[in-house]
Amino acid sequence: MNIRHNLALRQKLAAEYVLGTLKGGARRRYEGWMHNDADLRNITAEWQQRLAPMAEFAGDVQAPKSVWRGIERRLNLKAAPGSGWQAWISDNLSFWRGLGVVSTGLAAVLMVLVLSKTGVEPPSINYVATLTDEKAQNALVVTADTRNHALDVRVINSAQVAADKSLHLWAVPKSGNPRSLGVLADKRGHFVLAENAISADVAVLAVTLEPKGGSPDPNGPTGPILYKGNWVRL
């Protein structure tokens, strides 16, 4: 599939990728396209900037049956068992539900505007990463505010961590040892942004499972990698 000149499709796929509704082979194929397409990476980063920081406020919401009856009525569709439109909705349900996050994103934009009007300086997000597990499921969102030297980690969905273990965040350079960015407490973290976290040789962030308090090895992680994702400059 050639999506280079299909702007609408590029925007849709980027939104689905950030929302986490683009899965399996389709997600891996999209990541391959991003590797060779700088403009597609920029589009994806824009969607990450709009949606990812708000993920912690967007819980799962089950749409009432009346919503689907309303859709059926407006489209003059019959709710016959096994009908084609029902299968289509079922296949795409995750995307429609995911678009609910957009309304939260719009609320965030309004909040930034209000902060600007009241003289309160809103955060300036310069870097963002969406870390996923081995099944390409979104787990954490990491954002960096270089103006205020702040690094923020929000856990969207992660495995239960034993009481004697900790999640340790790392910046992974192209060469050399991973650099510790901090140990997550209570499934989140607020850290001072270190310069080596945003240096030009860092393209990936990763989270490992370590003993309580973080890796005992000053040279790098000792436990398995649970989550990883591209560190994108906006």
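Preceding this section is the structure that the text describes.
Residues numbered from 1 in each chain as written. Predicted model: local features only at pLDDT ≥ 70, side-chain atom pairs only at ≥ 80, totals over all residues. Heavy atoms only, no water.

Visitor: Would you explain the pairing of strand β6 (residues 188-192) in this entry?
Guide: Strand residues, when the strand is regular, have side chains that alternate between the two faces of the sheet. Here β6 shows a buried face lined by Gly189 and Phe191 and an unburied face lined by Arg188, His190 and Val192. Strand direction decides the pairing type here: strand β3 (residues 150-155) and β6, joined by five bridges, are antiparallel. By the bridge assignment, Ala150 is partnered in β6 with Val192. (Buried < 20%, exposed > 50% of the residue type's maximum accessible area, 1.4 Å probe, protein only. Helix = DSSP H or I, 4+ residues; strand = E, 2+ residues; numbered from the N terminus. Pairing = 2+ DSSP bridges.)

Visitor: Before we go on, may I ask you to explain the packing of helix α2 (residues 24-35) against helix α3 (residues 38-51) in this structure?
Guide: A packed helix pair is summarised by two numbers, namely the angle formed by the two axes and the spacing between the axes. Where α2 contacts α3, the axes come no closer than 6 Å and their chain directions differ by 120°. Comparing the axis directions of α2 and α3 gives the class oblique. Residue-level inspection shows Tyr30, Trp33, Met34 and His35 of α2 in contact with α3, the latter providing Leu40, Arg41 and Thr44. Split by residue class, the contact of α2 with α3 holds four nonpolar, two polar and one charged. (Axes fitted to C-alpha atoms, helices over the stretch in contact; angles between N-to-C directions. Parallel < 35°, antiparallel > 145°, perpendicular 65-115°, else oblique. Contact = heavy atoms within 4.5 Å. Nonpolar A, V, L, I, M, F, W, Y, C, P; charged D, E, K, R; others polar.)

Visitor: Please clarify how the pattern of salt bridges should be interpreted in this entry.
Guide: Opposite charge on two side chains lets them pair, provided their charged atoms get close. The final tally for this structure, using the stated rule, is five salt bridges. With its nearest N and O atoms 2.7 Å apart, the salt bridge here joins Asp201 to Arg179. Placement of the pair is Asp201 in the loop between β6 and β7 (202-211) and Arg179 in strand β5 (residues 179-184), with a sequence separation of 22 residues. (Salt bridge = Lys/Arg side-chain N within 4 Å of Asp/Glu carboxyl O.)

In short, the description is geometric, and any link to function would need to be established separately.
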